[in-house]
Amino acid sequence: MAEQEKILEVKKLTTSFKTERGKMNAVQGVSFYVNKGEILGVVGESGCGKSVTAQSILRLYDEKYLVEYQGEILFDGVDLLEIPEKEMQNKRGKDISMVFQDALSALNPVFTVGEQIMEPLMNHQHMKKEEARKRAVEMLRLVGIPAPEKRVSQYPHELSGGMRQRVMIAIALSCNPRLLIADEPTTALDVTIQAQIIDLIVELNFKMHMGVILITHDLAVVAETCKRVIVMYLGQTVEEADVNDIFDHPMHPYTNGLIESIPLLEDKGVKRLHTISGMVPLLNQIPKGCRFAPRCPYATERCHREMPEFVNADGRHKVRCFYPIGLE
Amino acid sequence: MKKYVVKRVLSLIPVLIIVSVVIFCLIHLTPGDPARTMLGDQASEIEVENLRESMGLNDPIVVQYVHWVGGIFHGDFGTSIFMDEPMYKIILDHIGPTISLTIYALLISLIIAMPCGIIAARKRGKSQDQVISVFSMVGISVPSFLLGMLLIILFSVRMKILPSAGYKAIVDNGFLKHIEYLTLPAISLGLMQAALITRMTRSSVLEVLGSDYIKMAKAKGVKDKVILIKHALRNALLPIITVIGQSFIALLSGATVVETVFNIPGIGQLVVNSVLRRDYEVIQAVVLVIALGNVVVNLIVDLLYGLADPRISLE
Ligand SMILES: Nc1ncnc2c1ncn2[C@@H]1O[C@H](COP(=O)(O)OP(=O)(O)OP(=O)(O)O)[C@@H](O)[C@H]1O
Ligand code: SF4
Ligand SMILES: [Mg+2]
């Protein structure tokens, strides 16, 4: 396969929060990339740092009070961590957009849907009010909201959950971004609506040819929508591979556990669902060696002592483990 | 909206009935004989008894209450024992200075509190926040009469730039003189509320700044200043509206003390004098008017809230 152009490349990103008990690395040494027009899946348990990674890319955390970033975030070859805040503002919502998990809390309750879609249009594309309003209606139609002329002047609380999520997608896509970060865009929704929203994202990814980072804890969604996926565990990337590869031969014991814990519809009989034993350790109790060692069935003495690097194991398949499954 | 207002106004009727009963009982059940007070120690028992009879003080208390309330519906709020003027005129004469003072004090506290609260929230933990927090702590703990006296010593006695006491009505002396005389009283009255509103503003702004929609606004590329002014403040103001309403009421009652310190002929002074003279009909009328004021302020606050927050429909 020909080398594709990368729209985003994250190299050894570390995001640490300044807390009362000192610095906490919520994300440590995360590396991955997104090709132009590609949907990259990001999976991992709750608290593994998916949202922190996403929000670090847009530098959404307060850098004065809250966080410190390290590493590189190359967007179109420019390191976002190096550019001044003003320039960053210019990229947010225009080149890179984000869809949040809970649309009800992410939409401002005191502004109409239209006003919220128009804002980036007027900021970034210097549209006049009238023009922006027309575009807002168009965007609502694009994301499949019926009667957009009426909806445009309604407030978020007057819409259903699914529609609010569509509105958020409309806001994110209004300026034709080249990268969309969707952070669990469907967790707050009913199953049927979930499928619709995912379909919408796939459709728009195809139409607008933008890169998408789809964060989810649902491997089934990844299997259906993404070509490539990264798996995160406790603030680190532990595996990266094409979706087919990862489902067929997961290399990291954690990924293996995740895949075995998916209920399969074809499975008949009484096969017990696999679960990964143990609890996710708290950030301040991170193990010294491999972070998965306390829960890993294959852990050796070395695993408890040393931290494995994130390395190429087999072609495009990367893994952070001393003893990848299926490789001797 | 109209329907809502009518409904709210109608729902005030039971409140006002209860308030009137409470006021009436409080005043009539406290010991002390207004007839005796009026006539003085020298008057004979018979003279006092005659006066009691003619004032209706010997009627059963229920009859007295019905009489009073009946009068109110005819625009008769009772008659003062000491002042030869109709009650509405007595109250109107005294309410002007109090309202002026209260509004001025509220403006001062808002002008101080809003920026301070916002700065404290933005610079949380930094020196600005700490300075503001110390000042608001002090502001909350210094009583208004003490502050008033300190201000008089500083600005009137030492620096001689503001008058120490008295009142000049707008109609007679113009706006500037009016303001000049009210400035020290308004500061001493308003500072405590300023401190309270500062704290409230700080926590409200902080809460809003931590919300998802602020993050969303940032993710849309909105500038920090615009985020604060457009996205955060509008939301942070919602709980502050309620606080401002409460402050207004607190200022209205706090005015009594300040009016006494600065010798302002307002409602507070009227109440104090009437209590000393046991001019109970005046007290009744004034307390009723203040209660009414309270209720109206609350109604206005609710209406404003409804207008400011699209999630609340005034139906
Ligand atoms: N503002 C913050 N201050 C301090 N710690 C934070 C902050 N935000 C997140 N964290 C910590 O960072 C870690 C990763 O959180 P993150 O929200 O990225 O998880 P996630 O993978 O998105 O989980 P979920 O699936 O529940 O959304 C958590 O342990 C969390 O406590
Ligand atoms: S490095 Fe060791 S402990 Fe970590 S995942 Fe691999 S086998 Fe398990
Ligand atoms: Mg998350």
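Scroll up for the structure.
Quick caveat: nothing in here was measured; it's all calculated off a predicted structure.

## Observations regarding the site of ligand 1
Residue and element names in this part refer to chain A. In the neighbourhood of ligand 1, 13 residues make up the surrounding shell, with Ser46, Gly47, Ser51, Val52 and Glu184 lying closest. The contact in question runs from an oxygen atom of ligand 1 to an N or O atom on the side chain of Ser51, over 2.6 Å. Taking Glu184, its side chain carries an N or O atom lying 2.8 Å from an oxygen atom of ligand 1. Here ligand 1, which alone exposes 630 Å², has 68% of that area covered by the protein. Sorting elements by how many residues they give to the shell around ligand 1 places helix α1 (residues 50–57) first, with three residues. When the residues that make up the shell around ligand 1 are grouped by side-chain class, the tally is six nonpolar, four polar and three charged.

## What about helix α11 (residues 267–277) of chain B?
All names here are of chain B. Considered for burial, the residues of α11 that qualify are Ile267, Gly268, Gln269, Leu270, Val271 and Ser274. Structurally, α11 contributes buried residues whose contacts are with α5 (87–122), α10 (224–262) and α12 (280–308). Positive phi appears at Arg278, one or two residues downstream of α11, with a value of about 50 degrees.

## Describing the interface of chain A and chain B
With 31 residues of chain A at the interface, the matching set in chain B holds 24 residues. Interface of chain A and chain B: buried area, both sides summed, is about 2,500 Å²; carbon and sulfur atoms make up 56% of it. Taken as a group, Tyr65(A), Val110(A) and Glu119(A) account for 25% of the area that chain A buries against chain B, more than any other trio of residues on that side. Applying the counting criterion to the chain A and chain B interface returns three salt bridges. Across the chain A-chain B interface, the total number found is 14 residue pairs in polar contact (both at pLDDT 80 or more). Sorting the residues of the side of chain A that touches chain B by element identifies α2 (85–91), β6 (96–99), α3 (103–106), α4 (113–124) and α7 (161–173) of chain A as the ones contributing at least two each. Counting residues per element, the side of chain A that touches chain B draws most heavily on α4(A), which supplies five residues. Along the lines of polarity and charge, the residues of the side of chain A that touches chain B split into 16 nonpolar, nine polar and six charged.

Basis of the calculations
- Residues numbered from 1 in each chain as written.
- Chains lettered and ligands numbered in written order.
- Predicted model: local features only at pLDDT ≥ 70, side-chain atom pairs only at ≥ 80, totals over all residues.
- Heavy atoms only, no water.
- Near = heavy atom within 4 Å.
- Polar contact = N/O pair within 3.5 Å; in protein donor to acceptor, adjacent residues only side chain to side chain.
- Areas by Shrake-Rupley, 256 points an atom, 1.4 Å probe, with all protein chains shown as cover.
- Helix = DSSP H or I, 4+ residues; strand = E, 2+ residues; numbered from the N terminus.
- Nonpolar A, V, L, I, M, F, W, Y, C, P; charged D, E, K, R; others polar.
- Buried < 20%, exposed > 50% of the residue type's maximum accessible area, 1.4 Å probe, protein only.
- Contact = heavy atoms within 4.5 Å.
- Buried area = accessible area lost by both parts, 1.4 Å probe.
- Salt bridge = Lys/Arg side-chain N within 4 Å of Asp/Glu carboxyl O.

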